[in-house]
Amino acid sequence: MIHLLDFQWHDLINPQFYIEFGGLWLLIFIIFAETGLFAGFFLPGDSLLFVAGIYSRDLASQVIPSSNEFIDLFFLWVLISFAGVLGNFAGYWFGKKSGPFLYHRKDTFFFKKKYLMRATDFYKQYGGWAIVAARFVPIIRTFAPIVAGVVKMDKKKFMYFNFIGCAAWVAVMLFAGHFLYKWVLNKFNIDLKQHLEMIVIVIVVISTVPIIYKFFFAKDKTNSENLPS
């Protein structure tokens, strides 16, 4: 249990903090911000959705009290997916309006050009499906829609991949959290709510280790020839 008076800055990457003190509406905003605002790249998207699956009944009951777990999950899936779709579209719009300016902008606390460059590489490698794949890649999912806007990806095509990617990402993480929690509780009588910190660490490791070298230890592209004019 986290106490508000004991707040520490590292709580901002702790999904339990958002669920306990912000509930469903803060969760929705976090998903929107992580996928729609480049300043939201540090927010805990994967782990937040996974933990939301564990607390699905509590979260859904804030709007529609239900005794049916599938209704709760379906409601959360639709609502959170909608927020993610809007977030990506906001990122796309921002990229389309900002254009090459972003590639020449100086780094700030909330903006790192190297993340944008690696999201660009990711987009070039996977094309339209990068919008889907990026949903499952921390940090890259924040910048992928911005890159799609910068390169002026067809809006209808973007929305198609945006919807598929967001719906799949939310479903996988949400349902995995809910049903894994039930299975572990019934099979081993272990309440995962008492071990959320360990779960978050595992999710972070699984989602980031495969891409650490490629996206964070690769040489930064500083050659101006690679920058859009």
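You'll find the structure just up there.
To keep things clear, this report deals only with the structure shown in the data block. (Residues numbered from 1 in each chain as written. Predicted model: local features only at pLDDT ≥ 70, side-chain atom pairs only at ≥ 80, totals over all residues. Heavy atoms only, no water.)

Quick word on the overall build of the chain
Counting secondary structure elements, the chain contains 11 helices and 0 strands. Each helix and strand of the chain, ordered N terminal to C terminal, gives the series α-α-α-α-α-α-α-α-α-α-α. The proportion of buried residues among the 229 residues of the chain is 48%. The long-range fraction of contacts in the chain, counting pairs at least 24 apart against all pairs at least 6 apart in sequence, stands at 73%. Approximately 12300 Å² of the chain is accessible, and the part contributed by carbon and sulfur atoms is 67%. (Helix = DSSP H or I, 4+ residues; strand = E, 2+ residues; numbered from the N terminus. Buried < 20%, exposed > 50% of the residue type's maximum accessible area, 1.4 Å probe, protein only. Contact = heavy atoms within 4.5 Å. Areas by Shrake-Rupley, 256 points an atom, 1.4 Å probe, with all protein chains shown as cover.)

Re a nonpolar patch on the surface
On the surface, Met198, Ile201, Val202, Val205 and Ile206 cluster together into a nonpolar patch covering about 470 Å² of accessible area. On the secondary structure map, Val205 appears in helix H11 (residues 196-216). The partly exposed category is assigned to Val205, whose relative accessible area is 42%. (Patch = residues over 30% accessible without salt bridge, like charges linked within 9 Å, V, L, I, M, F, W, Y side chains within 5 Å. Salt bridge = Lys/Arg side-chain N within 4 Å of Asp/Glu carboxyl O.)

Points about unusual backbone geometry
Unlike most non-glycine residues, Lys152 shows phi in positive territory, near 60 degrees. Mapped onto the fold, Lys152 is located in the loop between helix H9 (140-150) and helix H10 (155-188). Relative accessible area serves as the criterion here: at 56%, Lys152 is assigned to the exposed category. Of note in the backbone geometry, Asn189 takes a positive phi value of approximately 55 degrees without being a glycine. Here Asn189 shows up in the loop between H10 and H11.

Notes on the nonpolar core
With 36 residues, the main nonpolar core has Ile19, Leu27, Ile54, Leu59 and Leu76 as its most contacted residues. Elements represented by at least two residues in this core include exactly helix H1 (15-21), helix H2 (23-36), helix H3 (45-54), helix H4 (56-60), helix H5 (69-98), H10 and H11. Of the residues forming this core, the biggest block, 7 residues, is contributed by H10. One finds Tyr92, Phe111, Phe122 and Val137 within the second-largest nonpolar core, a separate group that totals 27 residues. (Core = buried A, V, L, I, M, F, W, Y, C linked by side-chain atoms within 4.5 Å.)

Some words on the packing of aromatic side chains
One pass over the full model with this rule turns up 10 aromatic pairs. Pairing Tyr160 with Phe161 gives two aromatic rings, centres 5.2 Å apart and planes at 75 degrees, and the pair type is edge-to-face. When the ring of Trp183 is compared with that of Phe188, the centres are 5.3 Å apart and the planes differ by 80 degrees; the resulting orientation is edge-to-face. Of the residues examined, Trp183 reaches a relative accessible area of 46% and is grouped as partly exposed. (Phe/Tyr/Trp six-rings, centres within 6.5 Å; stacked < 30°, edge-to-face > 60°.)

A short note on the layout of surface pockets
A volume near 220 Å³ is recorded for the second largest pocket. Taken together, 15 residues make up the lining of the second largest pocket; nearest its centre are Ile54, Ser56, Arg57, Glu69 and His178. Among the secondary structure elements, those contributing two or more residues to the lining of the second largest pocket are H3, H4, H5 and H10. Here the residues of the lining of the second largest pocket sort into 3 nonpolar, 6 polar and 6 charged. (1 Å grid on protein atoms, 1.4 Å probe; cavity = no way out; pocket = protein on both sides within 12 Å on 5 of 7 lines; lining within 4 Å. Points joined across faces, edges and corners; volume = space filled by probe spheres on them. Nonpolar A, V, L, I, M, F, W, Y, C, P; charged D, E, K, R; others polar.)

Here's the deal with the pattern of salt bridges
Oppositely charged side chains can form a pair if their charged atoms are brought close together. Throughout the structure, instances matching the rule amount to 3 salt bridges. A salt bridge links Glu69 to Lys182; the nearest nitrogen and oxygen atoms lie 3.0 Å apart. Residue Glu69 is located in helix H5, and its partner Lys182 is located in helix H10; the two are separated by 113 residues in the primary sequence. Given the relative accessible area of 24%, Glu69 is considered partly exposed. A cluster of three or more residues bridged by salt bridges with shared partners is formed by Glu34, Asp46 and Arg141.

Remember, this is a structural readout, not a statement about activity or role.
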